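Here is how the chains run, residue by residue.
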Amino acid sequence: MSEPVLRIEALCKHFGGLLVTDSVTLAINPGELHAVIGPNGAGKTTLINQISGLIRPDAGRIELGGRDVTALPTHARAALGVARSFQITSVLPRFSALQNVALAVQARSGSSFRFFGRADHERALNEEAEAVLAEVGLGARAHVPALALSHGEKRVLELAIALAMRPKLLLLDEPMAGIGRDETERLIAVLRALKGRFPVLLVEHDMTAVFALADRISVLIYGRILASGAPDVVRADPAVIAAYLGDEME
Amino acid sequence: MVALPAPAAQRSAPADVIAPALIFVALAAVPLVASVGAQTYVLDLVSRIMIFAIAAVALDVLIGYGGLISFGHAAFVGLGAYAVGILSAHGFGDALIALPVALAASALFALATGAVCLRTHGVYFIMITLAFSQMMFFTAASLAPYGGDDGLTVRARSTIAGFALMRDALSFYYIVFACLLATYLLCRALLGSRFGRVFCGGRENPIRMASIGYDVFRYQLVAYVIAGAIGGLSGFLLANAVEFVSPAYMSWQRSGELVIMVLLGGMGTLYGAVMGAAAFVLAEEWLSGLTEHWKMIFGPLLVLVVLFARGGLVGLAARLVRSKA
Amino acid sequence: MPITLLIVQILNGLQLGVILFLIAAGLTLVFGVMNFVNLAHGVQYMLGAYLAVMFYGLTENFAAALVLALAMALLLGLALEFAVFRHLYDRDHLDQVIATLGVILFVNQGVKFLWGAAPLSLPIPDILSGSVVLMPGLLYPVWRLVVILAGLLVAALLFILVAYTRVGMLVRAGATNAPMVSALGVNIRRLFMIVFGFGTMLAGFAGVMVAPILSVEPGMGDSILILAFVVIVIGGIGSIRGAFLGALLIGLVDTLGRSFSVDLLRLVLDPSAARTVGPALASMLIYLLMALVLFIRPAGLFPAQGR
């Protein structure tokens, strides 16, 4: 069994008196799609924020590919291959969809301290960006400013930006949030096609998506991991059903 | 919060090429059009407009494209000016020495202060840049050997490699024009480049940019240094134009005037800053001719512009064009 | 360096600090609660001084002049709020700065128009004029002591108001999260007016207090405004405690720096170099201090909105 891509050990985070992350230990293996589920307020987004570097944990360790990144700033972790999508859509609103994705490609294509030469005309960057957009189904909308996209399209753009980074680890924070049935189906299909290419940590409420995609599931309740394992095992775990899944399975 | 259109570097509308082209053609033609009698006055006035425009264009890069509302830009202008003044006082009157020193001094100050300022955001950034500008004002005012509060007269305009090319009003005008054109083209290129895209992205959504892998702080610092150096160029030319340097060049009020010029012309367009500089200087000239208390008119005018003409002159022109179409 | 000189300068530093606090308190509250950057706060200070001079000219009575000046300063402040400021609360900071800059231009020029550009002064009331002996060999002007005491008193009052009254609690809540306070049903507009009016009076009061010891001239508000900004940036926006500590710190550092910079530098440089570099360094001192604080704590020492 090869080295886990992401290893979190005993991660703890307080906000004032509130313990939001309670000694979380987790590992994600290469090619695995690991879902983290739990009720609202369980600390899922805070967990992702700590992995991506936006929040510093109070205690614990985060290792990426064996390397300790606990003290590394967000942009450095991104350069190491951590890509993420945000729960509340976070794109560059006045840039076109293509430009949004091209910037992600640019970040791993040599120095950006180049002061001459129109970046928008760089064929290599644009071709890669167009390919990613086509992969997620936004090919036709490449030149639309991001703020003019529909909510569902923006969520997909988030994914496209993350994919364009050729990530070593993909963190998805509720990608299905607020999108309709059809678009959810499409997104599940896109994610299924991505499976195996790189490890994914998926935070989601949509149980259909979770059980369709996940190789392993961890259940986060009040900042603690209640259970972790294969989907069928977790699904049947009485503690999990009592605390969270109970009615969700209907 | 007023939503602004996409920064001009990310658009490619025909207006963004035609408007600046017209402006520069007009500026180039001024000496030919100015009547013989008033020629020196007009040349001096428009030279001064262009000198401020150089600083304003650089400031627009920071404010209009980077979202960095710097209220300390006058410090760079002042540093450039004092470089000329101090060197001249010691007998070094050639541009080949004065200009690099001016650029280096402003760039270094920008680097040092930028490293501190750019760690702050929002209102803190405004206030700290304003404070640094005022700090330079007090520092200059306390330099007794260089005139202190009263300022310093520059013996003569800088020579260029020994040639007195700047002594004549007409040739000075075209030198300033060339500097402004070069500044504009440089900033345009900068903003459309890889660097510019990251810099603008840093304003759009800094967290997203960090999550993609960009250390936005570094890009902002580089932009700040470049803008500072351009401010130094403006100061170099200013000292030569007026043949006098004063601590007032660095005051926060002057910094405010530069911001006003950018806003008046229309932020985030680059050529708007040129128009804004012209509007500001011309308004000052005209109003001060009407009454010594012209600021009592100008002040409320500013308030009205902020409340009702947020897009500046460029915005007004765009609205006019749209309503005619 | 005689100890009496040191004590005098410390007292001067406290006096400057107290004045700075009066101005900074209003500025930081208005910014903290209303998210409004008011560059024109300095003109309130200037107006206080000018109005005191004017009313003293009419009444020949300092107490009357003080009361009338404060009342009129408040009225003028509220008029400005009504005419200009309230349209800016929803705008971004750049708009607020430029618009209030326009107000400064207007008022500074207006003052020049009404009273001329020559500096004016206000005589100290007789019973409070002259100096008092604090220590053998140490004479200190009574009025400056009055200023220090008055300032400390106002500071204490402000602390009590903010910490123990209902309005004060609303102000503290507003400084931490204004939209939330509004959502809870509090009349936020009225709260804004109270905060603004209060801040205006504090600045005006400071202006009246310094009128006897500084020259009352157009633009006198501008330089002290910058210092007030440094104070609230260091102290943390929205925090009165921060404004108080920051103001005293700045007042002391600036005053002591200016008085002793040349002497201190003479320990390491030769006299003429010290005399050249000293004043320059002294002027830079508080800005360097601000830079240092912001480097370590980009949101100031006691920011109201937490870190």
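Up top is the structure these notes are about.
The present account deals with the structure reproduced in this document. Just so we're clear, the structure is a prediction, and the values are computed from it rather than from any experiment.

Let's talk about the overall build of chain B
In step 1: Summing up its helical and strand segments, chain B has 13 helices and 2 strands in all.
In step 2: The C-alpha atoms of chain B give 19 Å as radius of gyration, which agrees with the globular expectation for 325 residues (20 Å, within 12%).
In step 3: Oriented by its inertia axes, the alpha-carbon framework of chain B measures out at about 50 × 45 × 40 Å.
In step 4: Buried residues in chain B amount to 61% of all 325 residues.
In step 5: Across chain B, the fraction of contacts at a sequence separation of at least 24, relative to all contacts at a separation of at least 6, is 79%.
In step 6: When the accessible surface of chain B is split by element, carbon and sulfur atoms take 71% of a total near 11700 Å².

Considerations on the arrangement of the chains
In step 1: For the 2 pairs of chains in contact, the maximum contact count is reached by chains B and C.
In step 2: Separating chain A from chain C is a minimum C-alpha gap of 11 Å, and the two share no contact.

Brief notes about the interface of chain B and chain A
In step 1: Tallying the contact residues gives 33 residues for chain B and 38 residues for chain A.
In step 2: Taken together, both faces of the contact between chain B and chain A bury some 3200 Å²; the carbon and sulfur share is 57%.
In step 3: Per-residue buried area on chain B facing chain A is highest for Arg194, Arg197 and Arg208 of chain B; these three make up 31% of the total on that side.
In step 4: For the interface between chain B and chain A, the tally reads 4 salt bridges.
In step 5: Residues Glu158 of chain A and Arg208 of chain B are paired through a salt bridge, measuring 2.8 Å at the closest nitrogen-oxygen approach.
In step 6: Residue contributions to the side of chain B that touches chain A peak at 8 residues, all from helix α7 (residues 194-204) of chain B.

Quick word on the sheet that holds strand β10 (residues 224-229) of chain A
Residue and element names in this part refer to chain A.
In step 1: A sheet is described by the order of its strands in space; here 6 strands give the open sequence β6-β7-β8-β3-β9-β10, paired in mixed fashion. With one partner strand each, in any of the chains shown, β6 (82-85) and β10 form the two edges of the open sheet. Each strand of the sheet is rotated relative to its neighbour by a mean of 15 degrees, with strand direction disregarded.
In step 2: Of the strand pairs in this sheet, β6 and strand β7 (residues 169-173) are connected by 4 bridges, and their pairing is parallel. Across the sheet, residue Ser85 finds its bridge partner in β7, namely Leu172.
In step 3: In the packing of helix α5 (residues 151-164) onto the sheet, contacts are made with β6 and β7, and the angle to β7 comes to roughly 165 degrees.

A short note on the packing of helix α3 (residues 97-107) of chain A against helix α4 (residues 123-136) of chain A
Residue and element names in this part refer to chain A.
In step 1: Between α3 and α4, the shortest axis-to-axis distance is 8 Å and the interhelical angle comes to 115 degrees. Once α3 is placed against α4, the crossing between them reads as right-handed. Contact with α3, carried on its side by Ala97, Leu98, Val101, Ala102, Val105 and Gln106, involves Leu125, Asn126, Glu128, Ala129, Glu130, Val132 and Leu133 of α4 and no other residues of that element.
In step 2: Classifying every residue of the contact of α3 with α4 gives 9 nonpolar, 2 polar and 2 charged.

Some remarks on helix α1 (residues 44-52) of chain A
All names here are of chain A.
In step 1: Counting buried residues in α1 gives 8 out of 9 residues, a clear majority hidden from the surface.
In step 2: Burial in α1 covers these residues: Lys44, Thr46, Leu47, Ile48, Asn49, Gln50, Ile51 and Ser52.
In step 3: Remark: Gly53 follows α1 within two positions and exhibits a positive phi of approximately 105 degrees.

The rules we used
Residues numbered from 1 in each chain as written. Chains lettered and ligands numbered in written order. Predicted model: local features only at pLDDT ≥ 70, side-chain atom pairs only at ≥ 80, totals over all residues. Heavy atoms only, no water. Helix = DSSP H or I, 4+ residues; strand = E, 2+ residues; numbered from the N terminus. Rg over C-alpha atoms; globule rule 2.2 N^0.38 Å. Buried < 20%, exposed > 50% of the residue type's maximum accessible area, 1.4 Å probe, protein only. Contact = heavy atoms within 4.5 Å. Areas by Shrake-Rupley, 256 points an atom, 1.4 Å probe, with all protein chains shown as cover. Buried area = accessible area lost by both parts, 1.4 Å probe. Salt bridge = Lys/Arg side-chain N within 4 Å of Asp/Glu carboxyl O. Pairing = 2+ DSSP bridges. Axes fitted to C-alpha atoms, helices over the stretch in contact; angles between N-to-C directions. Left-handed = near helix turned anticlockwise from the far one by under 90°. Nonpolar A, V, L, I, M, F, W, Y, C, P; charged D, E, K, R; others polar.

All we've got here are geometric facts, nothing functional implied.
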